[in-house]
Amino acid sequence: MNTLGHRIAELIGAEGPLSVAQFMSLCLYDPEGGAYAAGEPIGQHFITAPEISQAYGELAGLWVAQTWLDQGRPDRPRLMELGPGRGTLMADALRALKVVMPDFLDGAEIVLIESSPGLQRRQETALAGHDRVRWHKHFGDVPADRPLFLIANEFFDCLPVRQFVKTEKGWCERMVIVREGKLAFAVAPAAIDPSLLPPDRVEAPEGGFYEVSPASLALAAEIAATIAACGGGGLIIDYGYDGPGYGETLQAVAGHAYADVLVDPGKVDVSAHVDFVALTRAVRAGGAAAHGPVPQGRFLQALGMAARAERLIAANPGQADAIAAAIDRLVNPDKMGSLFRALGVAPKNAPPLPGF
Ligand code: SAH
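(A) How the structure looks around the overall build of the protein chain. For the protein chain, the helix and strand inventory stands at 15 helices and 16 strands. Computed over its C-alpha atoms, the radius of gyration of the protein chain comes to 21 Å, within 12% of the 21 Å expected for a compact globule of 356 residues. Classification of the 356 residues of the protein chain by burial places 55% in the buried group. Sequence separation of 24 or more characterises 75% of the internal contacts of the protein chain that already satisfy a separation of 6 or more. Roughly 15300 Å² of accessible area belongs to the protein chain as shown, and the carbon and sulfur atoms make up 54% of that amount. If you average the places of the 30 positive and of the 41 negative side-chain charges in the protein chain, the two averages end up 3 Å apart.

As structure tokens, this is what we get:
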């Protein structure tokens, strides 16, 4: 077991089993051994859409520009990104916005929500030369006082999930324990009150899972409430599913391959697929309209990905094959085009969001 693994085992020894959500939080955010706090997961363990092609962030910028125009160019917009990684998407979006909609940027404030000090430094470098960029650690640190144009790419999959397993006793929470000196999964001995679960879970087969990310749902509702009150739009893109089955989606990747979730905590990237049905409900509960979710490939094509790709290839003919392959990876349903989905958040009376 590595150092973080030993500390987790000690914590379990002292305080008892951890929920999957508590375990996931330690793996990601522990200040000394957590993957985001202490490591460089993007590039080392996985690659994200904005890192695959600059067209991705550029289209995100065009999406913001069109949404802002459609809402009548509200004054003093706030452009916010949750979990900006290496800052690539925002740098590409700002470059596109400068060309197509400099008026947007004139009064805009740019806010990046980032928990990792190392990645914040990366973002500062990527965005050097842009004014009015601020960093915060939490969405809730920023007042709801401006129209909010928000982008979250591969952010919600990081937020911890709780897992419940249907057993003969009822629904029991899945926990992390120590067994024979190793971290292991176990099911809590007592069942929870079934009325705490959504009604459609009641008929689950034995061994079926229910996975929920309370942090994601709370955040989606907060974003929706801000957009409903102040105007703007939100674009949430992630890997996930439309209707929950009875499976579980907790996963770990290391060096671009799937890995064991428990064996090397903090040295692998743990995440879970996003439940877009639950997220959509949370957006509506927060008082905003939800658009989509639609598959990423369809969303990007609707925003003009084909035309953007042609322009990029015309400007860099020597790299035509590489550019075409990168775009194909983003839009092809057999690659990222359909596993990834886009969900839009808008005020209830606003015009339809571009791309949906
Ligand atoms: N959006 C980027 C990076 C995705 S990785 C891209 O597409 O390339 C997830 C990002 O979210 C990282 O920057 C990570 O440090 C940040 N992050 C994860 N959980 C967070 C949290 N709870 N609060 C703030 N930032 C978080």
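(B) Quick peek at the layout of surface pockets. By volume, the largest pocket is sized at about 610 Å³. Taken together, 32 residues make up the lining of the largest pocket; nearest its centre are Y29, G83, S115, F155 and L159. Listed by contribution, the elements that provide at least two residues to the lining of the largest pocket are α5 (49-52), α7 (88-100) and α10 (214-230). If one sorts the elements of the lining of the largest pocket by residue count, α10 sits on top with 3 residues. A breakdown of the residues in the lining of the largest pocket according to their chemical character gives 16 nonpolar, 9 polar and 7 charged.

(C) Quick look at the site of the ligand. Taken together, 20 residues lie around the ligand, and Y29, T48, G83, E114 and N153 are the ones closest in. Here a nitrogen atom of the ligand and a side-chain polar atom of Y29 are 2.6 Å apart. Taking T48, its side chain carries an N or O atom lying 2.5 Å from an oxygen atom of the ligand. Contact with the protein chains covers 94% of the free accessible surface of the ligand, which is 570 Å². Of the residues in the shell around the ligand, the class split is 10 nonpolar, 6 polar and 4 charged.

(D) Summary view of the nonpolar core. By size, the foremost hydrophobic cluster in this structure holds 47 residues, and its most contacted members are L79, L97, F104, F299 and L330. In terms of residue count, the dominant contributor to this core is helix α6 (residues 54-70) (8 residues). Excluding anything up to four places from it in sequence, L97 contacts G61, V64, A65, L79, P102, F104 and L105.

(E) Summary view of the packing of helix α1 (residues 3-15) against helix α2 (residues 20-29). Where α1 contacts α2, the axes come no closer than 11 Å and their chain directions differ by 150°. Relative to α2, α1 is oriented roughly antiparallel. Helix-helix and strand crossings are classified by hand; for α1 and α2 the assignment is right-handed. Contacts between α1 and α2 involve L4, I8 and L11 from the first element and F23, L26 and C27 from the second. Of the residues belonging to the contact of α1 with α2, the class tally is 6 nonpolar, no polar and no charged.

(F) Quick look at the sheet that holds strand β13 (residues 269-271). Read from one edge to the other, the open sheet built from 3 strands follows the order β12-β11-β13, with strand pairing classed as antiparallel. Strand pairing shows two members of the sheet lacking a second neighbour, β12 (257-259) and β13, which therefore form its edges. Going from strand to strand, the sheet's axes swing by 40° on average, the running direction of each strand aside. Bridge count for strand β11 (residues 251-254) against β12 is 3 bridges, and the pairing is antiparallel. Residue pairing for β12: V253 is matched across the bridge by Y258.

(G) Molecular detail of the side chain of D269. Take D269: it is sitting in strand β13. Of the side chains with opposite charge, R86 lies nearest to the buried D269, which makes no salt bridge, at 12 Å. The contacts of D269, once residues within four sequence positions are left out, are L28, Y36, P41, H45, F46, Q251, A252 and V253.

(H) Here's a closer look at helix α9 (residues 117-126). Every buried residue of α9 is accounted for by L119, Q120 and Q123. Seen from one end, α9 has its buried residues packed into an arc of 105°, which puts them on one side. Of the exposed residues in α9, those oriented more than 90 degrees away from the buried face are R121 and T125.

(I) Quick peek at the packing of aromatic side chains. Under the criterion given, the structure shown has 6 aromatic pairs. Aromatic side chains W68 and F104 sit 5.4 Å apart centroid to centroid with 90° between the ring planes, which places their arrangement in the edge-to-face category. Note that W68 is positioned in helix α6 and F104 in helix α8 (residues 102-107), a separation of 36 residues in sequence. Both residues of the pair, W68 and F104, count as buried. Here the aromatic rings of F155 and F156 are separated by 5.7 Å at their centres, their planes lie at 90°, and the arrangement is edge-to-face. With a relative accessible area of 16%, F155 lands in the buried category.

Scoring rules and cut-offs
Residues numbered from 1 in each chain as written. Predicted model: local features only at pLDDT ≥ 70, side-chain atom pairs only at ≥ 80, totals over all residues. Heavy atoms only, no water. Helix = DSSP H or I, 4+ residues; strand = E, 2+ residues; numbered from the N terminus. Rg over C-alpha atoms; globule rule 2.2 N^0.38 Å. Buried < 20%, exposed > 50% of the residue type's maximum accessible area, 1.4 Å probe, protein only. Contact = heavy atoms within 4.5 Å. Areas by Shrake-Rupley, 256 points an atom, 1.4 Å probe, with all protein chains shown as cover. Lys, Arg positive; Asp, Glu negative; His and termini not counted. Charge placed at Lys NZ, Arg CZ, Asp CG, Glu CD. 1 Å grid on protein atoms, 1.4 Å probe; cavity = no way out; pocket = protein on both sides within 12 Å on 5 of 7 lines; lining within 4 Å. Points joined across faces, edges and corners; volume = space filled by probe spheres on them. Nonpolar A, V, L, I, M, F, W, Y, C, P; charged D, E, K, R; others polar. Near = heavy atom within 4 Å. Polar contact = N/O pair within 3.5 Å; in protein donor to acceptor, adjacent residues only side chain to side chain. Core = buried A, V, L, I, M, F, W, Y, C linked by side-chain atoms within 4.5 Å. Axes fitted to C-alpha atoms, helices over the stretch in contact; angles between N-to-C directions. Parallel < 35°, antiparallel > 145°, perpendicular 65-115°, else oblique. Left-handed = near helix turned anticlockwise from the far one by under 90°. Pairing = 2+ DSSP bridges. Salt bridge = Lys/Arg side-chain N within 4 Å of Asp/Glu carboxyl O. Arc of directions from axis to C-beta. Phe/Tyr/Trp six-rings, centres within 6.5 Å; stacked < 30°, edge-to-face > 60°.

Read these as spatial facts, not as claims about activity.
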